[in-house]
Amino acid sequence: MNREIRRMQEKADKKPVAVPRKRGPKKVAKSEKVKTKSTKSKDDGASASKQDAKQDAKKGNKRRGRLPNNRFTGILGLLTAFFIVMQSASRELVEKLLTSATPVDYVFHALSFMLFGYFVNLWLSRRGTVNALAICSIFGIGLLAGVEIGKWFNFRFAPDPVLIGLAVVGLIAGLVLSRLVFKMSERYAT
């Protein structure tokens, strides 16, 4: 009886294992695991499971291509830029902001640039852009410069250094906040 079992086992070991069609990385990984388990003895099964666990741990540390929850960050960044430009195109709003602005107006001006920096940097980071922070800061400063130049050409208002400073502070705060959110989402992504 044992001889027959050994012969059947030897035939099964010599017989090539049929590999299924490649349908994606998960299917290939499962078929490779099945193949290695069937050819090894029971003693090697424990070491194989340890190796599989190490490989799974290494795969978990690598960053995936795109992280989830990236649906609307780019759209919200573009909408924020659109509203910043539209605010600077209205003569009444620009005149009020430069002549009789309240602290709330200054806060909203800084918050609009903070939202722009937050959404655009988060969108670029989640898409896997290498220099997302630099690209977003360049676009934010370009947007600020464009708005101030547009005010000067359209309405002949001199740029207000307080508004420029608040916009830069808001942009930096948005970049820092989006970087923190991205790092936390990357850490807790499964």
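The coordinates are above.
These numbers come from a predicted model, not from an experiment.

Examining the overall build of the protein
Next, step 1: Across its full length, the protein carries eight helices and zero strands.
Next, step 2: For the protein, the succession of helices and strands along the chain, N to C, is α-α-α-α-α-α-α-α.
Next, step 3: Buried residues in the protein amount to 26% of all 190 residues.
Next, step 4: Within the protein, contacts between residues separated by at least 24 positions form 75% of all contacts whose residues are at least 6 apart in sequence.
Next, step 5: Carbon and sulfur atoms provide 63% of the accessible area of the protein, an area that totals close to 14000 Å².

With respect to the environment of Ser88
Next, step 1: Considering the arrangement of structural elements, one finds Ser88 in helix H4 (residues 73–89).
Next, step 2: According to the relative accessible area criterion, Ser88 is buried, its value standing at 10%.
Next, step 3: With 63 residues separating them in the primary sequence, Ser88 and Lys151 have C-alpha atoms 6.6 Å apart.
Next, step 4: If sequence neighbours within four positions are ignored, Ser88 has contacts with Val94, Val147, Lys151 and Phe155.

Points about the packing of aromatic side chains
Next, step 1: Within this structure, the stated rule accounts for four aromatic pairs.
Next, step 2: An angle of 65° between the planes, with centres 5.0 Å apart, marks the rings of Trp152 and Phe153 as edge-to-face.
Next, step 3: By relative accessible area, Trp152 is classed as partly exposed at 40%.
Next, step 4: When the ring of Phe155 is compared with that of Phe157, the centres are 6.1 Å apart and the planes differ by 45°; the resulting orientation is tilted.
Next, step 5: On the basis of relative accessible area, Phe155 is assigned to the buried category, the value being 13%.
Next, step 6: Assessed through its relative accessible area of 18%, Phe157 is described here as buried.
Next, step 7: Between the NZ or CZ atom of Arg156 and the centre of the ring of Trp152, over which it lies, the distance is 5.2 Å.

Examining the pattern of salt bridges
Next, step 1: Taken as a whole and assessed by the stated rule, the structure comprises three salt bridges.
Next, step 2: Measuring nitrogen to oxygen at the nearest pair gives 3.7 Å for the salt bridge that ties Arg91 to Glu95. Of the two residues, Arg91 and Glu95 are both situated in helix H5 (residues 91–99); the distance of four residues between them amounts to about one turn of the helix.
Next, step 3: Overall, the relative accessible area of 39% leaves Arg91 in the partly exposed class.
Next, step 4: Residue Asp105 is joined to Lys96 by a salt bridge in which the shortest nitrogen-to-oxygen separation is 3.1 Å.

Analysis parameters
- Along each chain, the written sequence defines residue order, and numbers are assigned to residues from 1.
- Local features in this predicted model are restricted to residues of pLDDT 70 or higher, and side-chain atom pairs are both shown and tallied only at a pLDDT of 80 or more, whereas totals for entire chains, interfaces and linings draw on every residue.
- Each side-chain value is derived from all of the structure's non-hydrogen atoms; neither hydrogens nor water enter the calculation.
- Each helix is a run of DSSP H or I of at least 4 residues and each strand a run of E of at least 2, with the numbering of both proceeding from the N terminus.
- Only protein chains enter the area calculation, which uses a 1.4 Å probe; residues under 20% of their type maximum are buried, those over 50% are exposed, and those in between are partly exposed.
- Note on contacts: a residue pair qualifies if any of its non-hydrogen atoms lie within 4.5 Å across the two residues.
- Throughout, the Shrake-Rupley method with a 1.4 Å probe supplies accessible areas, and for residues the shown protein chains are the sole cover considered.
- Pairing of aromatic rings covers Phe, Tyr and the six-membered ring of Trp, with a centre-to-centre limit of 6.5 Å; geometry is then stacked below 30 degrees between planes, edge-to-face above 60, and tilted otherwise.
- Only when the NZ of Lys or the CZ of Arg is both within 6 Å of the ring centre and within 35 degrees of the ring normal is a charge said to sit over the ring.
- For this document, the term salt bridge refers to a Lys or Arg side-chain nitrogen within 4 Å of an Asp or Glu carboxyl oxygen.

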